[in-house]
Amino acid sequence: MVQRNGRETQDGEHEETLTRIGQAVMLHHGGDREEARDRFLALWGELTEDGDPLHRCTLAHYLADTQEDPEAELAWDLRALSAADELAVDAVPPRGPASAARALYPTLHLNLAADYAKLGRRDAARSHLLLSRSALDALTADARGEAVRAAITRLWRQLDEDPSSPGAPGRAS
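A few points on the structure. It should be emphasised that the depicted structure is a prediction, and the values quoted were computed from it without experimental measurement. (Residues numbered from 1 in each chain as written. Predicted model: local features only at pLDDT ≥ 70, side-chain atom pairs only at ≥ 80, totals over all residues. Heavy atoms only, no water.)

**Considering the nonpolar core**
Applied cut-off: Nonpolar core, defined: a set of buried Ala, Val, Leu, Ile, Met, Phe, Trp, Tyr and Cys residues in which side-chain atoms within 4.5 Å join the residues together. Relative accessible area decides the class of each residue, using a 1.4 Å probe on protein chains only: under 20% of the type maximum gives buried, over 50% gives exposed, and in between gives partly exposed. Here a helix means four or more residues in a row that DSSP labels H or I, a strand means two or more in a row labelled E, and each is numbered from the N terminus.
If you look at the biggest cluster of nonpolar residues, it comprises 38 residues, and the most contacted ones within it are F40, L59, L108, L110, L129 and L155. Sort the elements by how many residues they give to this core and helix α5 (residues 97-118) lands first, with nine residues.

So this is what it looks like as structure tokens:
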């Protein structure tokens, strides 16, 4: 048994869940959106409401990417943020999974901004872009970090330049 964020889990179960999430992510990135969504949803059904917030955050984050409906995408991204918030509250100062969740905040808020932009909710999009920018110090100075920074800039410019466009080029995976 391993104690993670106030919950007891088998270390093997934790690794198995992350492996299964990774396999579904590979399916999605390989172009099989439906199969990936089906696997993500099956995993979601196995998690309990008080299950590991890192699993719920990761899973909801990727489930959002498989949605065709912008409202459904927003709902999953909000679930991911909620689970990340649980991780951040569970461990102060941030360490382990809480630190990992903190590193997700720029992307989580960027994705919410993109969702709101798609839905034409520009003020909400800007609000989440500001939150994303304020969390940038959690990102490493690598290609992924630079990609998130560039996506924030692109979406911010789009929101400023074209007030009628509800598109969302800033989405990060």
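**Focus on helix α7 (residues 143-161)**
Definition in use: For a helix, the expected span equals 1.5 Å multiplied by the number of residues minus one. The directions from the helix axis to the C-beta atoms form the arc being described. N or O atoms within 3.5 Å of each other form a polar contact, as long as, within protein, one can give a hydrogen and the other can take it, and as long as residues adjacent in sequence are counted only when both atoms are side-chain atoms.
Along its 19 residues, α7 runs 26 Å from first to last C-alpha, staying within 8% of the 27 Å computed at 1.5 Å per residue. All buried positions along α7 are accounted for by G145, V148, A151, I152, L155, W156, Q158 and L159. Looking straight down α7, one finds that the buried residues subtend no more than 160° of arc, so they occupy a single side. For α7, exposure combined with an orientation more than 90 degrees from the buried face picks out A143 and E161. Taking the backbone nitrogen of R144 as reference, a side-chain oxygen 3.3 Å away marks D142 as the first, capping residue of α7.

**Topic: the pattern of salt bridges**
Cut-off, in case you're wondering: Salt bridges are identified by distance alone: a Lys or Arg side-chain nitrogen within 4 Å of an Asp or Glu carboxyl oxygen.
In total, this model carries seven salt bridges according to the counting rule given. Residues E46 and R20 are paired through a salt bridge, measuring 2.8 Å at the closest nitrogen-oxygen approach. Within this pair, whereas E46 is found in helix α2 (residues 33-46), its partner R20 is found in helix α1 (residues 11-29), the two being separated by 26 residues in sequence. Among the residues examined, E46 registers a relative accessible area of 49% and is labelled partly exposed. A salt bridge links R149 to E146, with the nearest nitrogen and oxygen atoms 3.6 Å apart. On the criterion of helical spacing, the pair formed by R149 and E146 is a turn pair, its members being three residues apart in helix α7. Residue class for R149 comes out partly exposed when judged on its relative accessible area of 25%.

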